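Architecture and fold: a report
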Amino acid sequence: SQTIHQWPATLVQPVGSPLSLECTVEGTSNPNLYWYRQAAGRGLQLLFYSVGIGQISSEVPQNLSASRPQDRQFILSSKKLLLSDSGFYLCAWSVWGKGYEQYFGPGTRLTVT
Amino acid sequence: GEDVEQSLFLSVREGDSSVINCTYTDSSSTYLYWYKQEPGAGLQLLTYIFSNMDMKQDQRLTVLLNKKDKHLSLRIADTQTGDSAIYFCALRGAGTASKLTFGTGTRLQVTL
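The present account deals with the structure reproduced in this document. Everything numeric in this text was worked out from a predicted model, so none of it was measured. (Residues numbered from 1 in each chain as written. Chains lettered and ligands numbered in written order. Predicted model: local features only at pLDDT ≥ 70, side-chain atom pairs only at ≥ 80, totals over all residues. Heavy atoms only, no water.)

Residues and elements named next belong to chain B. Among the nonpolar cores identified, the biggest contains 21 residues, and L32, W34, L72, L74 and Y87 are the most heavily contacted of them. Of all the secondary structure elements, the ones that give two or more residues to this core are β3 (18–24), β4 (31–37), β5 (43–50), β7 (61–66), β8 (71–76), β9 (85–92) and β11 (106–111). With residues up to four places along the chain from it excluded, the contact list for L74 reads S18, V19, I20, W34, L46, T47, L61, T62, V63 and Y87. (Core = buried A, V, L, I, M, F, W, Y, C linked by side-chain atoms within 4.5 Å. Buried < 20%, exposed > 50% of the residue type's maximum accessible area, 1.4 Å probe, protein only. Helix = DSSP H or I, 4+ residues; strand = E, 2+ residues; numbered from the N terminus. Contact = heavy atoms within 4.5 Å.)

What follows is about the pairing of strand β6 (residues 55–58) of chain A. All names here are of chain A. As paired strands, strand β5 (residues 42–52) and β6 are joined by three bridges and run antiparallel to one another. Directly across from G52, in β6, lies its bridge partner Q55. What sits between β5 and β6 in their antiparallel hairpin is a turn of two residues, with G54 showing a positive phi close to 75 degrees. (Pairing = 2+ DSSP bridges.)

Residues and elements named next belong to chain B. In spatial order, the strands read β1-β3-β8-β7-β6; together these five strands make up an open sheet with antiparallel pairing. The strands lining the two open edges of the sheet, one partner per strand, are β1 (4–6) and β6 (55–58). Averaged over all adjacent pairs, the angle separating strand axes in this sheet is 15 degrees, with direction ignored. For β6 and β7, the ladder comprises four bridges, and the chain directions are antiparallel. By the bridge assignment, K56 is partnered in β7 with V63. (Axes fitted to C-alpha atoms, helices over the stretch in contact; angles between N-to-C directions.)

Our focus in this paragraph is the pairing of β11(B). All names here are of chain B. By the alternation rule, side chains of β11 split into T106, L108 and V110, which are all buried, and R107, Q109 and T111, of which none is buried. Pairing between strand β2 (residues 9–13) and β11: five bridges, direction parallel. Of the residues in β11, the one forming a bridge with S11 is Q109. Across three bridges, the pairing between β9 and β11 is antiparallel. Its bridge partner being in β11, Y87 is matched across the sheet by T106.

Moving on, we get to the pattern of salt bridges. Across all of its chains, the model carries six salt bridges over all chains by this definition. Here D85(A) ties to R37(A) by a salt bridge, and the two come within 3.7 Å at their closest N and O atoms. Residue D85(A) is found in the loop between β8 (73–78) and β9 (87–94), and its partner R37(A) is found in strand β4 (residues 32–39); the two are separated by 48 residues along the sequence. Across the pair, R37(A) and D85(A) agree in class, each one buried. Close ionic contact of D83(B) with R60(B) constitutes a salt bridge, the shortest N to O distance being 3.0 Å. Here D83(B) is found in the loop between β8 and β9, whereas its partner R60(B) is found in the loop between β6 and β7, with 23 residues between them in sequence. (Salt bridge = Lys/Arg side-chain N within 4 Å of Asp/Glu carboxyl O.)

Here we come to the sheet that holds strand β7 (residues 65–70) of chain A. Residues and elements named next belong to chain A. Judged by pairing direction, the sheet is antiparallel, and its four strands sit side by side in the order β1-β3-β8-β7 without closing on themselves. Edge strands, defined here as strands with exactly one partner in the open sheet, are β1 (3–7) and β7. Across this sheet, the average inter-strand angle for adjacent strands is 20 degrees, counted without regard to direction. In this sheet, β8 lies alongside β7 in antiparallel orientation, the contact comprising four bridges. Paired with A66 across the strands is L76, a residue of β8.

Cysteine pairs can be covalently joined through their sulfur atoms, and such a bond is termed a disulfide. Residues and elements named next belong to chain B. Here the structure, examined in full by the defined rule, presents two disulfides over all chains. The disulfide bridge from C22 ends at C89, spanning 2.0 Å between sulfur atoms. Handedness here is read from the sign of the S-S torsion; for C22 and C89, about 65 degrees, the answer is right-handed. Of this pair, C22 sits in strand β3 while C89 sits in strand β9, and the two are 67 residues apart along the sequence. Classification of C89 by relative accessible area gives buried; the value is 0%. (Disulfide = S-S within 2.5 Å.)

By themselves, these figures tell us nothing about what the structure is for.
The structure is reproduced here in structure tokens:
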């Protein structure tokens, strides 16, 4: 069966510090991968998605970047965090076919102080 | 872009049925999904329906799709306190990478 992991689960970082959030998927090959941000328990905002290694599409211009160094690894980064980067970050995966449904990881709660 | 609207809050008594509604604007939506999010957790896929279907039932869950009115609903029979959560509808439009557009979420509160 497929599983998706995210870490860390929670993170408190000062303004101006770098960020690296990691997401890995097990049990599937060549998944589509997604990063979302959710503010205040509402409204998911798609940040990045990837259909393959090294292929990243950005949905919202911002202070963040994403990379996919391996087939089942997706990383969200920032060089200098802003207060507005605080939120709940969710990684998801999907595969072509069937219902194209997305499956979500447990999320990372980021607080920028 | 696609607009997906949900009411913010719904309160029901334990044992009653809950109906969570979702309206959307993009008639080209191919798959429509319902997700559940408990506090501090990721989203859990509950069920989905293909756009050529009107109804799908899965145990206590019934999904109804009215394509003419662009209205999707999720009915939870015999609602339990464990059903308290935020429920999101999501739509997949035509195109690549299966990007989803999420609704604003409905907080379901189940009271005793």
